[in-house]
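Now for the letters of each chain:
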Amino acid sequence: MSERIDVSIEHRHAPPEDGGRPHPNTCPGCGSHYRDDELDANLRVCPQCGHHFPVHARERIRQLADNDSFAEEAAELRSDDPLDFFDLRPYTERLAEAELSTGLGEAMVIGHAAIEELPCELAVMEFGFMGGSMGRIVGEKFARACESATERGVPLVSVTASGGARMQEGILSLMQLPKTVCAVEDLHDSGGTMISVMAHPTTAGVLASFASLGDVLLAEPGALLSFTGPRVVQQTTREKLPDNFGRAESNYRHGHVDQIVPRPELRATVARLLRLFSSNGA
Amino acid sequence: MAREAELRIREQLSRLRSLPLLRGARLEGELERLQRQLERIVAEPSDEEIWRSVELARNADRPYTLDYVERLLEDWFELHGDRAHGDDAAVVAGLGRFRGRTVVLVGNQKGRDVKERTDRNFGMAYPEGYGKAMRAMELANRHGFPVISLVDIPGAYPGVTAEEHGQGGAIARSQALMARLRVPIVTCIIGEGGSGGAIATALADRVLMQENAIYTVISPEGCAAILWRDAGEAQKAAAAFKPDAGHCLELGVIDAIVAEPDGGAHTNADEAARLLGDALAESIELFDGLAGDDLRRQRRVRFRTIGQLSTTA
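Remember, predicted model here, so these are calculated numbers, not experimental data.

The rules we used
- Residues numbered from 1 in each chain as written.
- Chains lettered and ligands numbered in written order.
- Predicted model: local features only at pLDDT ≥ 70, side-chain atom pairs only at ≥ 80, totals over all residues.
- Helix = DSSP H or I, 4+ residues; strand = E, 2+ residues; numbered from the N terminus.
- Buried ≥ 20, exposed ≤ 12 C-beta atoms within 10 Å, placed from the backbone.
- Contact = placed C-beta atoms within 7 Å.
- Domains from an automatic or database assignment.
- Nonpolar A, V, L, I, M, F, W, Y, C, P; charged D, E, K, R; others polar.
- Core = buried A, V, L, I, M, F, W, Y, C linked by C-beta atoms within 7 Å.
- Expected span 1.5 Å × (residues − 1).
- Arc of directions from axis to C-beta.
- Pairing = 2+ DSSP bridges.
- Axes fitted to C-alpha atoms, helices over the stretch in contact; angles between N-to-C directions.
- pLDDT = per-residue confidence, 0-100.
- Parallel < 35°, antiparallel > 145°, perpendicular 65-115°, else oblique.
- Left-handed = near helix turned anticlockwise from the far one by under 90°.

Enquirer: Give me the lowdown on the overall build of chain B, citing residues and values where you can.
Expert: Scanning chain B for helices and strands turns up 14 helices and eight strands. Taken across its 313 residues, chain B has 53% of its residues classed as buried. In chain B, once contacts between residues fewer than 6 apart in sequence are set aside, the share between residues at least 24 apart is 71%.

Now the structure itself:
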């Protein structure tokens, strides 16, 4: 940490990348700009203003799980194209591109892990894979994570970042809502625990299914947690949106999440919960 | 995919044909229904036909939940309010007698005229609406009444208050409740089965769909706006994600298609109600005598395996 060079002044308003979009390492909160290693060293939280940058699934697992404790499951699963879906480009092409750019087979990574030496099952979403959208394989992987947690008698920790159901698999994507809900219900019936960590953004079909069903719901600061996004609400209703509409802070105020946990405290917080749930009175 | 569904129905057909007519007319109806389903599957609908379904599903004269309640249930007693915030008129819930037994019915309700449409928020539910449905379904579970849910919703309401009252969580919890019920649940999509707003009350033992209803992950306009960046391309979007009953059956998302009078349900509400009533009654009877725990285990397995890829089975 001490070697970090503060470049926030000289790089403030760093030149936009192509097409006027700000560089992904430029903080949308305060305009500070960072190198990748600087951000990684700070868990991708802006040291100046506390803005939480997105975290890729693999990196999230590194942040949460004990070193080398993660053993991935169902990594081989890949989506197919049940509807021969073609919008401006074929779905299969979008899938291939997402795999190339993320290095992941789908928008969710599941597997065994330990957090502060407490065994658990992890289900972590990757927003970079087609907006973290949930199609059949994401639903299948989540259901398998629940089953794996039940078999091993360990809690499930899910970390969500998703725009919702995947349009390209049509109605089959909608069916992932009841599928994942049933998986959580089976887990709960077997006495299992689920901790749901909602990162930015957890919206639509994922918010309206398993993400909302954890025994404890945690949110990252500033995360958008809404069934309908602000743009669509604005367009449909022409209502003036309140500040912080749909953000974690607003959800907290309205009673929809238990705690907002800054990322540097997330690992310790999840571990505390795992400990609390492990000593059941039964 | 089409072949599989076709084979399944052909098999059902031949089995039914060889059965002695123990149950008289009911079985005749089943034969006729299967024959129609088969015809639908064999004839792949064109893009125009899919769009016609979208238009028929949204037809302003199409019978709504209360039109069916009036024709199918005796002694309807409507329940109001979620016991927390208010009474959402976009969702109706109540008790009634359906072919000799007490049932709980929940359904989405659009409005007929301008005033009623506004009062019922064009059928778009708030979390309070799901709260009311959940309360009614819990009542059914306590007393062992079957649940009928009729789905006809463009989508859950996308508004500030709805979000502040927890729209996403309400939809999740309503599904979770349905996954726990120990009484039979039969759902029929009777118009628009719009996304999360629809699945909130559609986690059922048996899911039916009227011939001209649609069941969608997102509205065709919404899909077009996102993927084509132009809501005007809704027709293309609909053709691409195939929301019609034939495709939903083929994909295994629904269990059967409920026939409508020629030209659509709006041409003859009485006949549409009779056909719907027969299908609902047959469906509820399927679960007679099943223990509650078995019922809900089967229900969860149904959704666990729905549309599963062959490689993951």
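Enquirer: Summarise the domain arrangement of chain A; cite the residues concerned and give the values.
Expert: Residues and elements named next belong to chain A. Taken domain by domain, chain A holds domain 1 (1-53) and domain 2 (54-278). Its C-alpha centre places domain 1 at a distance of 25 Å from the equivalent point of domain 2. Contact with domain 1, which involves seven residues of that partner, is made by nine residues of domain 2. Split by residue class, the side of domain 1 that touches domain 2 holds three nonpolar, three polar and one charged.

Enquirer: An account of the interface of chain B and chain A is requested, with residue identities and associated values reported.
Expert: Chain B puts 42 residues into the contact, and the matching count from chain A is 48 residues. At the level of secondary structure, the elements contributing two or more residues to the side of chain B that touches chain A comprise α7 (160-164), α8 (167-180), α9 (195-199), β7 (214-216), α10 (220-228), α11 (234-241) and α14 (292-305) of chain B. No other element matches the nine residues that α8(B) contributes to the side of chain B that touches chain A. Tallied by class, residues from the side of chain B that touches chain A come to 25 nonpolar, 11 polar and six charged.

Enquirer: Any details on unusual backbone geometry? Residues and values, ideally.
Expert: Residues H200(A) and P201(A) are joined by a peptide bond in cis, for which omega reads -15 degrees. As for its placement among the helices and strands, P201(A) is situated in strand β5 (residues 194-202). Of note, the phi angle at D75(B) is positive, near 55 degrees, even though the residue is not glycine. You can see D75(B) is positioned in strand β1 (residues 74-79). Even without a glycine there, the phi angle at K242(B) is positive, about 50 degrees. Here K242(B) is to be found in the loop between α11 and α12 (245-250).

Enquirer: Could you give an account of the nonpolar core, naming the residues involved and the relevant values?
Expert: Counting residues in hydrophobic clusters, the biggest one holds 163 residues, and the most contacted among them are V181(A), M137(B), M209(B) and V258(B). Contact partners of M137(B), with chain neighbours within four places excluded, come to V104(B), V106(B), V147(B), L177(B), M178(B) and L181(B).

Enquirer: Got a sec to walk through helix α3 (residues 91-102) of chain A? Specific residues and values, please.
Expert: Residues and elements named next belong to chain A. The end-to-end C-alpha separation of α3 is 16 Å, in line with the 16 Å expected for 12 residues at 1.5 Å each. Residues Y91, L95 and A98 constitute the buried set of α3. Buried residues of α3, viewed axially, fall in a sector of 65 degrees; they line one side. The exposed residues of α3 that point more than 90 degrees off its buried face are E93, A96, L100 and S101. The positive-phi residue at the C-terminal boundary of α3 is G103, with phi of around 75 degrees.

Enquirer: Outline the pairing of β1(B), supporting the account with residue identities and numerical values.
Expert: Residue and element names in this part refer to chain B. Within β1, only zero of the six residues are buried, which leaves it mostly out in the open. Relative to strand β2 (residues 91-98), β1 runs antiparallel, the two being bridged by four bridges. Each bridged residue has a counterpart across the sheet, and for E74 the counterpart in β2 is R97.

Enquirer: Now, about the sheet that holds strand β1 (residues 71-73) of chain A: what can you tell me, with residues and values included?
Expert: Residue and element names in this part refer to chain A. Read from one edge to the other, the open sheet built from seven strands follows the order β1-β2-β3-β4-β5-β6-β7, with strand pairing classed as mixed. The two strands at the open ends of the sheet, each matched to only one other strand, are β1 and β7 (259-260). Two strands pair when backbone bridges link them, and strand β4 (residues 156-162) and β5 are joined in this way by six bridges, in the parallel orientation. Paired with S158 across the two strands is S196, which belongs to β5. This element, helix α10 (residues 266-278), spans β2 (108-115), β3 (118-125), β4, β5 and β6 (216-219) of the sheet and lies at about 130 degrees to β3.

Enquirer: Account for the pairing of β5(A), naming residues and giving values.
Expert: Residue and element names in this part refer to chain A. Judged by how many residues are buried, β5 sits mostly within the fold: nine of nine residues are covered. Taken together, the four bridges between β5 and β6 define a ladder with parallel strand orientation. By the bridge assignment, I195 is partnered in β6 with V216.

Enquirer: I'd like to hear about the confidence of the model for chain B, residue by residue, with values.
Expert: The pLDDT averaged across chain B works out to 90; a share of 87% of its residues lies at or above 70. Across the assembled chains, the prediction reports ipTM 0.92 with pTM 0.90.

Enquirer: An account of the packing of helix α6 (residues 127-143) of chain B against α8(B) is requested, with residue identities and associated values reported.
Expert: Residue and element names in this part refer to chain B. Between α6 and α8, whose axes approach to 9 Å, the crossing angle comes to 15 degrees. One way to sum up the angle between α6 and α8 is to call them roughly parallel. Of the two elements, α6 crosses α8, and the hand of that crossing is left-handed. Facing P127, Y130, G131, A133, M134, M137 and E138 of α6, the residues of α8 in contact are Q167, A170, I171, R173, S174, L177 and M178. For the contact of α6 with α8, a count of residues per class yields nine nonpolar, three polar and two charged.

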